[in-house]
Amino acid sequence: MDLINDEFYMGIALQLAHGATGQTGVNPMVGCVIVKEGAVIGLGAHLKMGTEHAEVHALNMAGEHAAGSTVYVTLEPCSHHGRTPPCSDKLIANKVARVVVACTDPNPRVAGAGIAKLKAHGIEVKLGVLEREAIDLNEKFNKYITTRLPFVSLKTASTLDGKIASKNGDSRWITNDQSRAYVHTLRHQHQAIMVGVGTVLIDDPLLTARLTVAALNPIRIIVDSTLRTPPNAAVLQQAGQTIVLTTTQASLEKSERLREMGAELLTAGDGPKVDLKQAMQLLAEREIGSILLEGGGRLNGAMLEQKLIDKCYLFYAAKIIGGDNAPSNFSFDGFAKMSEAIWLDRLKIEQFGHDLCMIGYPQYEGGGS
């Protein structure tokens with residue numbers, strides 16, 4: 001049973017923020033609820049980078065009734081001029097009485113300054129209501145704004161014995177319709193999707209988000225050191241942006257052919273393989289703050305070895321296929337001792353029919369049990 005209290009209204013604000021997952025680019029998702037005399041008088045969410053913030057939408061709805069109200073906001077109101085004016089100034093101008101904040105803004109340009117400004121103008125501020133939920137909601141933003149690197153989510157789909165295809169290369173389909181629909185939701189919720197050239201050559205994927213309703217298509221990223229991506233690949237026939245990560249050793253002729261197909265080439269390293277750490281920096285410079293990695297075993301293993309994966313979605317179908325030469329979901333040198341293994345923390349398990357999905361955060365120092 002829901003009790004009407006600060007947590008209740010903050011829960012509504014979190015739902016509003018969550019509804020815009022995938023829409024805000026490198027900006028955070030934020031929800032806002034304004035309450036006065038026991039009634040909700042304003043609702044808002046940040047919907048798109050560069051547009052009005054959640055507080056502004058809610059204040060516009062509340063109008064003149066905002067004076068003396070309580071404002072619930074999932075992230076500390078901004079205090080600086082960015083693409084939009086400061087929300088803290090807007091709250092002060094509308095003479096709200098109280099502001100309840102879930103968590104502070106990790107952006108160094110804010111980091112408590114918004115709360116301090118509100119208090120300096122006599123507005124009561126309460127901090128930390130549903131704080132954990134608010135931090136988790138913006139885990140992608142939090143990583144990007146503090147490190148200037150994208151948040152990378154790894155998705156794999158394998159059999160119970162860890163195979164992502166049969167010994168003959170057949171992989172359609174390992175998981176069921178429900179699991180695949182959820183993966184398309186994940187694509188909608190990330191700014192970019194990344195695969196290796198091997199996936200392009202074997203599967204010729206579209207790399208789009210296909211749901212029963214309209215979805216946002218991610219930027220497509222191909223890791224291709226020697227530019228083996230064929231100009232007629234399906235991924236290059238789709239509307240939207242395709243980025244090919246390569247090296248200085250790439251053929252100029254192949255580079256030009258891919259550019260003619262609309263691909264943008266980014267050079268990361270002098271070869272023979274793409275420098276993945278440099279690639280992440282280059283992508284972040286283009287304001288790509290979140291990436292869904294759907295690579296093969298080698299790319300997954302390389303990203304894991306270099307500690308570039310922040311979150312894992314590991315789908316397991318209730319199938320065993322065997323095959324000594326069947327590809328696995330991770331291919332890298334590995335560790336000598338079990339105590340050195342990478343393990344998943346804050347683990348959750350979701351079930352999709354007969355499929356299971358393990359969701360967790362890689363811990364790279366070993367020691368999991």
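Before any of the text, the structure's been laid out above.
None of the values given here were measured: they were computed from a predicted structure.

So, about the pattern of salt bridges. According to the stated counting rule, one finds 13 salt bridges in the structure shown. One salt bridge in this structure joins Arg132 and Asp136, with 2.9 Å as the shortest N-O distance. Of this pair, Arg132 and Asp136 both sit in helix 5 (residues 131-137), four residues apart, which is roughly one turn of that helix. In this structure, Arg187 engages Glu294 in a salt bridge whose closest nitrogen and oxygen atoms are separated by 2.9 Å. Of this pair, Arg187 sits in helix 7 (residues 177-189) while Glu294 sits in the loop between strand 11 (290-293) and helix 11 (297-305), and the two are 107 residues apart along the sequence. A single burial state applies to Arg187 and to Glu294, both of which are buried.

Bringing the pairing of strand 9 (residues 242-246) into the picture now. Across the five residues that make up strand 9, a large majority, five, are buried. The side-chain alternation of strand 9 yields two buried faces, one formed by Thr242, Val244 and Thr246 and the other by Ile243 and Leu245. Two elements, strand 8 (residues 219-223) and strand 9, share four bridges in a ladder whose sense is parallel. Paired with Arg220 across the bridge in strand 9 is Thr242. Examined bridge by bridge, strand 9 and strand 10 (residues 264-267) share four bridges and lie parallel to one another. Across the sheet, Ile243 pairs through a bridge with Glu264, a residue of strand 10. Handedness of the crossover joining strand 9 and strand 10 through helix 9 (residues 252-260) is recorded here as right-handed.

By the definition in use, this model includes seven aromatic pairs. Pairwise contacts between aromatic rings join Tyr182, Tyr313, Phe315 and Phe352 into one cluster. Above the face of the Tyr361 ring, Arg346 is positioned so that its terminal group lies 4.2 Å from the ring centre.

Further remarks concern the sheet that holds strand 11. Strand order in the open sheet formed by nine strands is 10-9-8-7-11-6-12-14-13, with mixed pairing between adjacent strands. Two strands lie at the open edges of the sheet, namely strand 10 and strand 13 (343-352), each paired on one side alone. The sheet shows a mean angle of 20° between the axes of neighbouring strands, direction not considered. The pairing of strand 12 (residues 311-316) with strand 14 (residues 355-363) spans five bridges and is antiparallel. What sits directly across from Cys312, in strand 14, is Gly360.

Our next topic: the pairing of strand 3 (residues 70-73). For a regular strand, side-chain orientation follows a simple rule: the groups alternate between the two sheet faces. Side-chain alternation along strand 3 places Thr70 and Tyr72 on one buried face and Val71 and Val73 on a second face that is also buried. Bridging between strand 1 (residues 31-36) and strand 3 involves four bridges; their strand directions are antiparallel. What sits directly across from Cys32, in strand 3, is Val73. Judged from the four bridges that link them, strand 3 and strand 4 (residues 98-101) form a sheet pairing that is parallel. From the neighbouring strand, Val73 faces strand 4, where its bridge partner is Val101.

The next point concerns the environment of Thr242. With respect to the element layout, Thr242 can be found in strand 9. Beyond its immediate sequence surroundings of up to four residues, Thr242 is in contact with Arg220, Ile222, Val235, Leu236, Gly262, Ala263 and Glu264. Within the structure, the side chain of Thr242 is placed 3.0 Å from the side chain of Arg220, a separation counted as a polar contact.

Attention shifts here to the sheet that holds strand 4. Ordered by their spatial adjacency, five strands build an open sheet running 2-1-3-4-5, and the pairing between neighbours is mixed. The sheet terminates laterally at strand 2 (39-45) and strand 5 (124-127), the two strands that pair on one side only. Strand-to-strand twist in this sheet, taken as the mean axis angle between neighbours without regard to direction, amounts to 15°. Where strand 1 and strand 2 come together, six bridges link them in antiparallel fashion. The residue of strand 2 that forms the bridge with Ile34 is Gly42.

Procedures and definitions
Residues numbered from 1 in each chain as written. Predicted model: local features only at pLDDT ≥ 70, side-chain atom pairs only at ≥ 80, totals over all residues. Heavy atoms only, no water. Salt bridge = Lys/Arg side-chain N within 4 Å of Asp/Glu carboxyl O. Helix = DSSP H or I, 4+ residues; strand = E, 2+ residues; numbered from the N terminus. Buried < 20%, exposed > 50% of the residue type's maximum accessible area, 1.4 Å probe, protein only. Pairing = 2+ DSSP bridges. Right-handed = clockwise from strand over helix to strand, strands pointing away. Phe/Tyr/Trp six-rings, centres within 6.5 Å; stacked < 30°, edge-to-face > 60°. Lys NZ or Arg CZ within 6 Å of the ring centre and 35° of its normal. Axes fitted to C-alpha atoms, helices over the stretch in contact; angles between N-to-C directions. Contact = heavy atoms within 4.5 Å. Polar contact = N/O pair within 3.5 Å; in protein donor to acceptor, adjacent residues only side chain to side chain.

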